[in-house]
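Observations on chain architecture
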Amino acid sequence: MTNGNPGMSGLYGEVASAAGVYQPLLVPPAGTRRVDAVRLVAAACTTRVTITAAIHQPVDGAPRFTLIRDPSVSDGAPGIGDYAAIAASLKENHGWRVLEAGDPSLPVTVMLGLREGYGKHAVVHDSDDVRALLGFYGASGVYVSEVHLMCTRHLDGEVRVYDEPGVLIVGGPSILPAVTGVAARLAQHRFVVTDRDQDRTYALRRR
């Protein structure tokens with residue numbers, strides 16, 4: 001166990017972290033097509049700022065986006081100011097709403113992918129697998145949202161978008177051992193934890 005955090009034990013260890021929490025929910029105008037919303041989010045990517053977001057199921061015909069500060073060993077994490085500027089631009093220039101995401105009584109949000117590796121024909125799990133395994137590992141007071149994860153970055157002179165099915169798992173700090181077990185059972189290489197109590201975001205990677 002590292003830093004007193006139960007999610008650090010066992011098969012996963014912390015590899016990168018970023019101080020501070022900023023995880024807004026971005027809501028496009030009603031009827032906005034997902035492809036157009038993704039295009040606008042991806043367009044905000046720069047050579048300095050990589051954007052990671054969880055795309056939720058549509059409401060009023062439009063998807064919603066939770067921005068996730070995903071820290072990496074090589075690139076660090078997007079600054080809170082960088083993400084706030086992106087949210088402000090989408091609000092002012094395109095009519096998006098910027099909402100506070102999260103419940104103070106549920107301070108931990110985990111972003112977990114559902115594809116085993118990155119291969120075209122890799123096994124892809126679903127949110128029911130996650131819920132069943134969380135129950136198996138004894139997690140309680142936990143909420144699972146089915147999302148689609150997207151990451152946009154500049155590479156070789158162009159913006160590239162990676163996406164895969166995923167979940168956001170929300171609860172208290174006590175859910176982390178169970179989440180670690182789920183990640184291992186679903187053969188996930190890494191996952192990202194946003195912790196409001198600790199006021200930081202960190203990435204855990206398989207040892």
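This is a predicted model, so every value here is computed, not measured.

With that out of the way, let us pick up the overall build of the protein. Within the protein one finds four helices and 10 strands. Each helix and strand of the protein, ordered N terminal to C terminal, gives the series β-β-α-β-β-α-β-β-α-β-β-α-β-β. For a compact globule of 207 residues, the expected C-alpha radius of gyration is about 17 Å, and the protein comes in at 16 Å, within 12% of that figure. Along the three orthogonal principal directions, the C-alpha set of the protein runs to about 45 × 40 × 35 Å.

This part is about the pattern of salt bridges. Within the structure shown, the criterion is met by eight salt bridges. Between aspartate 36 and arginine 33 there is a salt bridge, with the nearest N and O atoms lying 3.0 Å from each other. When its relative accessible area of 24% is taken as the criterion, aspartate 36 is described as partly exposed. We classify arginine 33 as exposed; its relative accessible area is 52%. Across the pair arginine 160 and glutamate 158 runs a salt bridge, and its minimum N-O distance is 3.1 Å. With a relative accessible area of 36%, arginine 160 lands in the partly exposed category.

As summarised here, the arrangement of the 10 strands in space is E1-E10-E9-E6-E8-E7-E3-E4-E2-E5, forming an open sheet in which the pairing is antiparallel. The sheet is open, and its two borders are formed by strand E1 (12-19) and strand E5 (97-99), each paired with just one other strand. Direction aside, the axes of adjacent strands within the sheet are offset by 30° on average. Here strand E7 (residues 143-155) pairs with strand E8 (residues 158-171) via 13 bridges, running antiparallel. Along E8, the bridge assignment pairs leucine 149 with glutamate 164. Contacts between helix H3 (residues 127-136) and the sheet are confined to E7 and E8, with E7 contributing the most and set at about 120° to the helix.

Relative to the helices and strands, histidine 125 resides in the loop between strand E6 (108-113) and H3. A polar side-chain atom of histidine 125 sits 2.7 Å from a polar atom in the side chain of glutamate 116.

What follows concerns helix H2 (residues 80-94). Compared with the 21 Å implied by 1.5 Å per residue over 15 residues, the 21 Å span of H2 between its first and last C-alpha is a close match. Regarding H2, the residues found buried are Asp82, Tyr83, Ile86, Ala87 and Leu90. The arc that holds the buried residues of H2, viewed along the axis, is 135°, so those residues lie on one side. Facing away from the buried side of H2 by more than 90 degrees, the exposed set consists of Gly81, Glu92 and Asn93. Contacts made by the buried residues of H2 are with strand E2 (25-27), helix H1 (34-43), strand E3 (51-59), strand E4 (62-68) and E5.

A few words now on the packing of H3 against helix H4 (residues 176-185). Axis angle and axis distance: for two packed helices, these are the angle between their axes and the distance between the axes, and together they describe the pair. In the contact formed by H3 and H4, the axes pass within 9 Å of each other and the chain directions differ by 130°. What the angle tells us is that H3 and H4 run oblique. Note on packing geometry: the crossing formed by H3 with H4 is right-handed. Together, Val130, Leu133, Leu134 and Phe136 of H3 and Ala178, Val179, Val182 and Arg185 of H4 make up the contact between the two elements.

Below, the discussion takes up H3. Where H3 is concerned, the buried positions are Ser127, Val130, Leu133 and Leu134. One side of H3 carries all its buried residues, which in axial view fall inside an arc of 125°. Opposite the buried face of H3, at more than 90 degrees from it, the exposed residues are Asp128, Ala132, Gly135 and Phe136. Capping the start of H3 is the job of one residue whose side-chain oxygen sits 3.0 Å from the backbone nitrogen of aspartate 128: aspartate 126.

Mapped onto the fold, aspartate 103 is located in the loop between E5 and E6. Here aspartate 103 falls in the partly exposed class, since its relative accessible area comes to 35%. Separated by 93 residues in sequence, aspartate 103 and arginine 196 have C-alpha atoms that sit 9.8 Å apart. At 2.9 Å, the side chain of aspartate 103 and the side chain of serine 105 are in polar contact.

So, how was this worked out
- Residues numbered from 1 in each chain as written.
- Predicted model: local features only at pLDDT ≥ 70, side-chain atom pairs only at ≥ 80, totals over all residues.
- Heavy atoms only, no water.
- Helix = DSSP H or I, 4+ residues; strand = E, 2+ residues; numbered from the N terminus.
- Rg over C-alpha atoms; globule rule 2.2 N^0.38 Å.
- Salt bridge = Lys/Arg side-chain N within 4 Å of Asp/Glu carboxyl O.
- Buried < 20%, exposed > 50% of the residue type's maximum accessible area, 1.4 Å probe, protein only.
- Pairing = 2+ DSSP bridges.
- Axes fitted to C-alpha atoms, helices over the stretch in contact; angles between N-to-C directions.
- Contact = heavy atoms within 4.5 Å.
- Polar contact = N/O pair within 3.5 Å; in protein donor to acceptor, adjacent residues only side chain to side chain.
- Expected span 1.5 Å × (residues − 1).
- Arc of directions from axis to C-beta.
- Parallel < 35°, antiparallel > 145°, perpendicular 65-115°, else oblique.
- Left-handed = near helix turned anticlockwise from the far one by under 90°.

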